[in-house]
Amino acid sequence: MSTTTSQTKPMSDSNEINTLLELRKIFHTELLMMTLHLHNTREKMMRMLNGNKALYKNEWTAEYILQLATDNKIEWVKGSDDPTSYDTYKKAMNDTLAHILSE
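Sequence order as written defines residue numbering, which begins from 1 separately in each chain. Restriction of local features to residues with pLDDT of at least 70 applies here, the model being predicted, together with a cutoff of 80 or more for giving and counting side-chain atom pairs; totals for whole chains, interfaces and linings are based on all residues. Computation of side-chain values covers all heavy atoms of the structure but excludes hydrogens and water.

What about the packing of helix 3 (residues 62-70) against helix 4 (residues 86-101)?
Phase 1 of the analysis: All axes here are fitted lines through C-alpha atoms, helices being fitted over the stretch that makes contact, and every angle between N-to-C directions spans 0 to 180 degrees. The helix count covers DSSP runs of H or I at least four residues long, the strand count covers runs of E at least two residues long, and both are numbered beginning at the N terminus. Two elements in contact, helix 3 and helix 4, have axes whose closest approach is 8 Å; the angle formed by their N-to-C orientations is 150°. On the basis of their axis angle, the class for helix 3 and helix 4 is roughly antiparallel. Where helix 3 crosses over helix 4, the handedness of that crossing is left-handed. Here Ala62, Ile65, Leu66, Ala69 and Thr70 of helix 3 lie close against helix 4, whose contacting residues are Asn94, Leu97, Ala98 and Leu101. Angles are sorted into four bins: roughly parallel if under 35 degrees, roughly antiparallel if over 145, roughly perpendicular if 65 to 115, and oblique for all others. Note on convention: near helix rotated counterclockwise from far helix by under a right angle means a left-handed crossing. Clockwise means right-handed. The criterion used for residue contact is that any of the two residues' heavy atoms lie within 4.5 Å.

Some words on the packing of aromatic side chains
Phase 1 of the analysis: Within 6.5 Å between ring centres, the rings of Phe, Tyr and Trp (the latter by its six-membered ring) count as paired, and their orientation is classed by plane angle as stacked under 30 degrees, edge-to-face over 60, tilted in between. Enumeration according to the criterion identifies one aromatic pair in this entry.
Phase 2 of the analysis: Between Phe27 and Trp76, the ring centres sit 4.3 Å apart and the planes meet at 25°, which makes this aromatic pair stacked. Pair noted here: Phe27 is in helix 1 (residues 2-32) and Trp76 is in the loop between helix 3 and helix 4, with a separation of 49 residues, a long-range link. Pair check on accessibility: Phe27 and Trp76 agree, each one buried. Buried residues are those whose accessible area, probed at 1.4 Å on protein chains only, stays under 20% of the maximum for their type, while exposed residues exceed 50% and partly exposed ones sit between those limits.

Section: the pattern of salt bridges
Oppositely charged side chains are able to pair whenever their charged atoms sit close together.
Phase 1 of the analysis: A pairing counts as a salt bridge when a side-chain nitrogen of Lys or Arg comes within 4 Å of a carboxyl oxygen of Asp or Glu. By the definition in use, this model includes six salt bridges.
Phase 2 of the analysis: Residues Lys25 and Glu22 are paired through a salt bridge, measuring 3.3 Å at the closest nitrogen-oxygen approach. Taken together, the positions of Lys25 and Glu22, both in helix 1 and three residues apart, correspond to about one turn of that helix.
Phase 3 of the analysis: Here Lys25 falls in the partly exposed class, since its relative accessible area comes to 43%.
Phase 4 of the analysis: Glu75 serves as the salt-bridge partner of Lys90, at 2.9 Å between the closest nitrogen and oxygen. One end of the pair, Lys90, is in helix 4; the other, Glu75, is in the loop between helix 3 and helix 4, and 15 residues separate them in sequence.

Details of the packing of helix 2 (residues 42-52) against helix 4
Phase 1 of the analysis: It is at 8 Å that the axes of helix 2 and helix 4 come closest, and there the two elements cross at 110°. Compared by their axis directions, helix 2 and helix 4 come out roughly perpendicular. Residues Arg42, Met45 and Met46 of helix 2 lie in contact with helix 4, whose contacting residues are Leu97, Ile100 and Leu101.
Phase 2 of the analysis: The residue inventory of the contact of helix 2 with helix 4, partitioned by class, reads five nonpolar, no polar and one charged. When residue character is reported, Ala, Val, Leu, Ile, Met, Phe, Trp, Tyr, Cys and Pro are called nonpolar, Asp, Glu, Lys and Arg charged, and the others, Gly included, polar.

Following this line, the structure appears as C-alpha cells:
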C-alpha cells in the first residue's frame, strides 16, 4: 500500500511540473503576441488555456489553475527592461490570473 502512495505522489508532482511548464509556455506566447489581455474572463481564459495545451488529453479545470495561481506556483516570463523585481511581478501576475478565474 505504501508503494502505491509513494508511486502516486511523484506521478502527481510530475503532472504538476508538466502543467506549470506548459502554462509558462502558453502565457509567454500570449504575452509576446500581446493578446493575453483579451482573455479577461474565466470562460475566455480557460478556453484559451485548454485550446493551447499540447501535453494533456484531459482539460484543465478553472479550479486547478486558480489553485496554482493562488499558491503563486506559476512562473511568468518577464521583460528584461521591466524594473519590477521578479517576485513582485510573479505575484502580481498570479494574483491577476486568480482574480480572473475566481469571477
